[in-house]
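Breakdown of the fold
In case you want the letters, here they are:
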Amino acid sequence: MNVIENLDKVTTHLLTLLEGPLPAEDSRDAFLEEIDKALQIRDALLSSLAPPFSEAEMALGKKVALASQQVTPNLENFHKQLKQEWGQIQQSKKTAKVYGQAYSSPTADGMYYDKRN
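Let me sum up the structure you'll find in this document. Starting from 1, residues in each chain are numbered consecutively following that chain's sequence as written. The predicted nature of this model means local features are confined to residues of pLDDT at least 70 and side-chain atom pairs, given and counted, to a pLDDT of 80 or more, with totals for whole chains, interfaces and linings taken over all residues. By convention in this description, side-chain values take in all heavy atoms of the structure and omit both hydrogens and water.

A few words now on the overall build of the protein chain. Along the backbone of the protein chain there are 3 helices and 0 strands. Secondary structure follows DSSP: runs of H or I at least 4 residues long count as helices, runs of E at least 2 residues long count as strands, and numbering of each begins at the N terminus. Going residue by residue from the N terminus, the α and β elements of the protein chain occur as α-α-α. For the exposure calls, accessible area comes from a 1.4 Å probe over protein chains only, and a residue counts as buried if that area is under 20% of its type's maximum, exposed if over 50%, partly exposed in between. Out of the 117 residues in the protein chain, the part that is buried amounts to 21%. By the convention used here, residues are in contact when the closest approach between their heavy atoms is within 4.5 Å. Excluding contacts between residues fewer than 6 apart, the proportion of contacts in the protein chain whose partners are at least 24 apart in sequence is 78%. In the structure as shown, the protein chain presents an accessible area of about 8800 Å², 56% of it carried by carbon and sulfur atoms. Shrake-Rupley sampling with a 1.4 Å probe provides the accessible areas, and residues are treated as covered by the protein chains on show and by no other component.

See below:
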């Protein structure tokens, strides 16, 4: 099979992965590994491209180039979603810690004050 045909298949597969919804946390590791594997294969195929190209390969190459322009924004969107989720997790940990330590110090009159920031 031709390198450009393989590149088209891998790019199309990568786009279908990135355009779908973010999977649940229990299957997210496998999903991320699959994206990473597709990116590595795609990188290897891109580095192995060498001219001369036939007319059919040029047409397929244009299709791959258009699909490649969609990969980067989808990856950035996916990264932004993961980063936002990570921030929410960190915030919830911080909030839980603050609430857990709110009543740890005794007061002189037996009353507790909420020390959250």
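Additional details are given in the paragraphs that follow.
Angles here are taken between N-to-C directions and fall from 0 to 180 degrees, while the axes themselves are lines fitted to C-alpha atoms, restricted in helices to the stretch in contact. Running from N to C, helix α1 (residues 3–19) and helix α2 (residues 28–47) cross one another at 155°; their axes reach a closest spacing of 9 Å. One finds that α1 runs roughly antiparallel with respect to α2. Between α1 and α2 lies a crossing of left-handed hand. Every residue of α2 that contacts α1 at V3, N6, L7, V10, T11, H13, L14, L17 and L18 is listed here: F31, E34, I35, A38, L39, I41, R42, L45 and L46. Should an angle fall under 35 degrees it is called roughly parallel, over 145 degrees roughly antiparallel, and 65 to 115 degrees roughly perpendicular, with every other angle called oblique. The handedness criterion is simple: a crossing whose near helix is rotated anticlockwise from the far helix by less than a right angle is left-handed, and one whose near helix is rotated clockwise is right-handed.

What follows covers the side chain of S68. For S68, the position within the fold is in helix α3 (residues 55–100). Here S68 falls in the buried class, since its relative accessible area comes to 18%. Counted as a polar contact is a pair of N or O atoms within 3.5 Å, where, for protein atoms, one must be capable of donating a hydrogen and the other of accepting one, and residues adjacent in sequence contribute only when both atoms are in side chains. Within the structure, S68 has its side chain in polar contact with the side chain of R42 (distance 2.6 Å). When residues no more than four places from it in sequence are discounted, the contact partners of S68 are T11 and R42.

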